[in-house]
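# Report on the structure
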Amino acid sequence: MSNILQEKVLLEGLAREDRASVEQIYRDNYGMIQSFVLNNNGTTDDAADIFQEAMIVLFEKSKSPDFELNCQLKTYLYSVCRRLWLKRLQQMQRLGRQSDFLEEVVPVDDDIEFHEKRQQDFMIMEAAMGKIGEPCKSLLEAYYIQKKQMQQIAGEFGYTNADNAKTQKYKCLVRLKKLFFAQYKNGQ
Amino acid sequence: MEDTLLIDAAERFARGEMSAEEKIFFEELRKQNPELDQLVVEQLFFLNELERYGNTKNFKHILQETEAKLVQEGMISRSPLQGDSKVVYLWKRYKRTIAVAASIAGIVSLSIVGISALLHREKNDNLKILVGQLKEKDREIKQIKNQTDKLAAAIENNAPTAPRPRVDAKFRATGFLIDVSNNFIVTNAHVVNEARHQLIVENNRGEQFTAEAIYTNPEADLAILKVKDNTFKKMSPIPYSIRKSNADLGEQVFMLGFPKQEIVYGEGYVSAKNGYQMDTTYFQLSTSANEGNSGSPVINRNGELLGIITSMETNAEGVVFAIKSSNIYKAMDEVKKMKGYEDIRITSQPSLKGSDRVSQIKKVEDYVFMVKGN
């Protein structure tokens, strides 16, 4: 398989939340990113954090319908990590000498901006989830995150049938929606 | 349109679950009614947000697991105790409380073994790691506790009338008699797991007897001990009955246990029918409990035993979990399969109904034992 094809398969796996693909991308690229961060005033923990965030950026990008990577995966990840790390250095005012590892860097500012917006939405949803209480939280997570069937959920939560569980789920969703939009609209 | 109906419609619309007819009707409705259309758009947007949230959350989980794997392989290095895990955070709070309590009053610290047993059952790798750390912390606390217990014992030894403890105990919990012909005592499986060498039961008069665990079920966190010493005097049938059905919400209950060197009485009520994370083996009580209360009987005003105290939630005050008493029958069924115990059955002479609480306690306290060991 050619390199380009291989990377395409990996990225498709990533969009499907496939563990093996995630692991492969880590194995192929982590060393380079760690060296970059360590050489630019960072620690191994910083490197691990930055790499995780870059993976999320890549994941979000891979999910969009018109997704296409116009460069090598390695170049893209490096560009994102570099941008994210420089940004964090600026925030911490720890700017020192800059050393680059790859000559080639692609523009990633749009992707990172998109990611920051997504990240903000994620936090609002997470906060709303934290506020609705039990059993609402578990019920909604079982349905929308673990993607379980209503029938199974009814059994696990002790509802007599799937319809009752569904009714409860709707009530919970209405509450979650209110909490979410209260924050979301504030943030706009 | 009602909000839930709208959600249902929007959700089925988004998932393509509507029939063609329904879809046309729904779209027509939206066209004619801009307000409704606005609500549908909002709803679809929200569902999309929720979907994204779910995906990202799942993905983050996979990232964490992948990273943990590579950390173990040595490819990634992380300083220990990264992240603000809830369990670890709670533990820190816990530890502070305990350290103060243990140093000031010499009182035994709280237990997390029960919760860790619960966590353990979730078979979640992240949680397992945390449990390991907690257990390590627990061991440190046990050492402090041991020292304070020794101090307490030393003080007792100086007092002329106090009985001399024969065993240098490493832990303390509670158990209660359920069968007086075989002298079976029920306690938590996690209590028994603490005992490496010796298991001792001690009655309210300070008399100690060796016991052995003949049955443990870590899933239900239930263990049955048998008193081995011949010096154990045969007692009259147990004064409480063991309830087969579930506890009812709001039932007033009392508990007797050994969070300290002497028996302690507590009160509470049944606050939920299921336990931690909807675990149906347990029910929830609103009361207070400490380490040492593990294995305490939970009895209602009519003298029915409803459950066995096991664990408490770490992030909420007064939320205590007890194993449903029906599990005792299940455990006894298992014991009956063992050689020599085929004919056992739980016999009780309920004599608590109608008595006032003080006389109820007087009748029950002889049947409640401190379980200790090392």
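Rules of the game
What you see as residue numbers is a count from 1 along each chain, following the sequence as written. Written order determines the labels here, with chains lettered from A and ligands numbered from 1. At least 70 in pLDDT is required for a residue's local features to be given in this predicted model, at least 80 for side-chain atom pairs to be given and counted, and no such filter applies to totals for whole chains, interfaces and linings, which use all residues. Each side-chain value is worked out from all heavy atoms of the structure, with water and hydrogens disregarded. Secondary structure is summarised from DSSP: a helix means a run of H or I of at least four residues, a strand means a run of E of at least two, and numbering begins at the N terminus for each. Only protein chains enter the area calculation, which uses a 1.4 Å probe; residues under 20% of their type maximum are buried, those over 50% are exposed, and those in between are partly exposed. Two residues form a contact once any of their heavy atoms are found within 4.5 Å. Note that accessible areas follow from Shrake-Rupley with a 1.4 Å probe, and for residues the cover is restricted to the protein chains shown. Summed over both partners, the accessible surface that disappears when two parts come together, traced with a 1.4 Å probe, is what is meant by buried area. We define a salt bridge as a side-chain nitrogen of Lys or Arg found within 4 Å of a carboxyl oxygen belonging to Asp or Glu. A 3.5 Å cut-off defines polar contacts: any pair of N or O atoms within that distance qualifies, except that in protein one atom must be a possible hydrogen donor and the other a possible acceptor, and neighbouring residues in sequence count only when both atoms are side-chain atoms. Nonpolar residues are Ala, Val, Leu, Ile, Met, Phe, Trp, Tyr, Cys and Pro. Charged residues are Asp, Glu, Lys and Arg, and all others, Gly as well, are polar. Whether two strands pair depends on DSSP finding at least two bridges between them. The arc under discussion is defined with respect to the helix axis, by the directions toward the C-beta atoms. Pairs were defined over the aromatic rings of Phe, Tyr and Trp, the Trp ring being its six-membered one, requiring ring centres within 6.5 Å. Orientation was assigned from the angle between planes: stacked under 30 degrees, edge-to-face over 60, tilted for the rest. The criterion for a charge sitting over a ring is simple: Lys NZ or Arg CZ within 6 Å of the ring centre, and within 35 degrees of the ring normal. Interaxial angles span 0 to 180 degrees and are taken between N-to-C directions of axes, which are lines fitted to C-alpha atoms, for helices over the stretch in contact. Here roughly perpendicular refers to angles of 65 to 115 degrees, roughly parallel to angles under 35, roughly antiparallel to angles over 145, and oblique to all remaining angles. Crossing handedness is defined as follows: a turn of the near helix away from the far one that is anticlockwise and smaller than a right angle gives a left-handed crossing, while the clockwise case is right-handed.

## Description of the overall build of chain A
For chain A, the count of helices and strands is 8 helices and 0 strands. Along chain A, helices and strands appear, N-terminal first, in the series α-α-α-α-α-α-α-α. Counting the 188 residues in chain A, one finds 47% classified as buried. Intrachain contacts of chain A at a sequence separation of at least 6 include 67% that bridge at least 24 residues. A total accessible area of about 9,800 Å² is found for chain A, and carbon and sulfur atoms account for 48% of it.

## Some thoughts on the interface of chain A and chain B
Tallying the contact residues gives 43 residues for chain A and 39 residues for chain B. Both faces combined, the contact of chain A with chain B buries some 4,300 Å², and carbon together with sulfur accounts for 60% of it. Counting the contacts that link chain A with chain B gives 7 salt bridges. Here Glu11 of chain B makes a salt bridge to Lys169 of chain A, at a shortest N to O gap of 2.8 Å. On the surface where chain A and chain B come into contact, there are 12 residue pairs in polar contact (both at pLDDT 80 or more). Of all elements in the fold, only α2 (19-38), α3 (44-63), α5 (109-132), α6 (136-145) and α8 (162-187) of chain A reach the threshold of two or more residues within the side of chain A that touches chain B. Top contributing element to the side of chain A that touches chain B by residue count: α8 of chain A, with 12 residues. Counted by class, the side of chain A that touches chain B contains 22 nonpolar, 4 polar and 17 charged residues.

## Examining the pairing of strand β9 (residues 282-286) of chain B
All names here are of chain B. Buried residues dominate β9, accounting for 4 of its 5 residues. Alignment of strand β8 (residues 264-272) against β9, held across 3 bridges, turns out to be antiparallel. Residue pairing for β9: Tyr269 is matched across the bridge by Ser286.

## Considerations on helix α9 (residues 357-365) of chain B
Residues and elements named next belong to chain B. Listed as buried for α9 are Gln360, Ile361 and Val364. Viewed along the axis of α9, the buried residues span an arc of 100°, placing them on a single side of the element. In this structure, α9 carries Val358 and Lys362 as exposed residues pointing more than 90 degrees from its buried face. Its buried side turned inward, α9 meets β7 (252-257), β8, β10 (297-300) and β13 (368-373).

## Here's the deal with the pattern of salt bridges
Proximity of charged atoms lets side chains of opposite charge pair with each other. For the structure on display, the rule yields 31 salt bridges over all chains. For Glu116 of chain A, the salt bridge goes to Lys87 of chain A, with nearest N and O atoms at 2.8 Å. With Glu116 of chain A in helix α5 and Lys87 of chain A in helix α4 (residues 73-92), the pair connects residues that are 29 residues apart, well separated along the chain. Classification of Lys87 of chain A by relative accessible area gives partly exposed; the value is 27%. The partner of Glu42 of chain B in a salt bridge is Lys177 of chain A, with the nearest N and O atoms 3.8 Å apart. Here the residue Glu42 of chain B occupies a position in helix α3 (residues 34-73), and Lys177 of chain A occupies one in helix α8, the pair thus bridging two chains. Counted as one network, the salt bridges with shared partners bring together Lys117, Arg118 and Asp121 of chain A together with Glu49 and Arg52 of chain B.

## Observations regarding helix α7 (residues 150-157) of chain A
Since the α-helix advances by 3.6 residues per turn, residues separated by three or four positions end up pointing in the same direction. Residue and element names in this part refer to chain A. Along α7, the residues classified as buried are Met150, Ile153, Ala154 and Phe157. Projected down its long axis, α7 carries its buried residues within an arc of 105°, all on one side. The exposed set on the far side of α7, more than 90 degrees from its buried face, consists of Gln151 and Gly155.

## Things to note about unusual backbone geometry
Of all residues except glycine, most have a negative phi; of all peptide bonds, most are trans. Despite not being glycine, Asn41 of chain A shows a phi value in the positive range, around 70°. Structurally, the position occupied by Asn41 of chain A is in the loop between α2 and α3.

## Some points on the packing of aromatic side chains
All told, the structure shown has 21 aromatic pairs over all chains when counted by the stated rule. For the ring pair Tyr143 of chain A and Tyr144 of chain A, a centre distance of 4.8 Å and an interplane angle of 85° mean the geometry is edge-to-face. By the ring-pair criterion, three or more aromatic residues cluster together here, those being Phe180, Phe181 and Tyr184 of chain A together with Phe45 and Phe46 of chain B. In this structure, Lys169 of chain A is placed above the aromatic ring of Tyr143 of chain A, and the distance from its NZ or CZ to the ring centre is 3.8 Å. One Lys or Arg, Lys60 of chain B, reaches over the ring of Phe122 of chain A and ends 3.9 Å from the middle of that ring.

## Details of the packing of α2 of chain A against α3 of chain B
At their nearest, the axes of α2 of chain A and α3 of chain B sit 10 Å apart, and the two run at 50° to each other. The orientation of α2 of chain A with respect to α3 of chain B, classified from their angle, is oblique. Once α2 of chain A is placed against α3 of chain B, the crossing between them reads as right-handed. Residues Arg19, Val22, Glu23, Tyr26 and Arg27 of chain A of α2 of chain A touch α3 of chain B, and the partners they reach there are Phe59, Ile62, Leu63, Glu65, Thr66, Glu67, Lys69, Leu70 and Glu73 of chain B. Class assignment for the residues of the contact of α2 of chain A with α3 of chain B results in 6 nonpolar, 1 polar and 7 charged.

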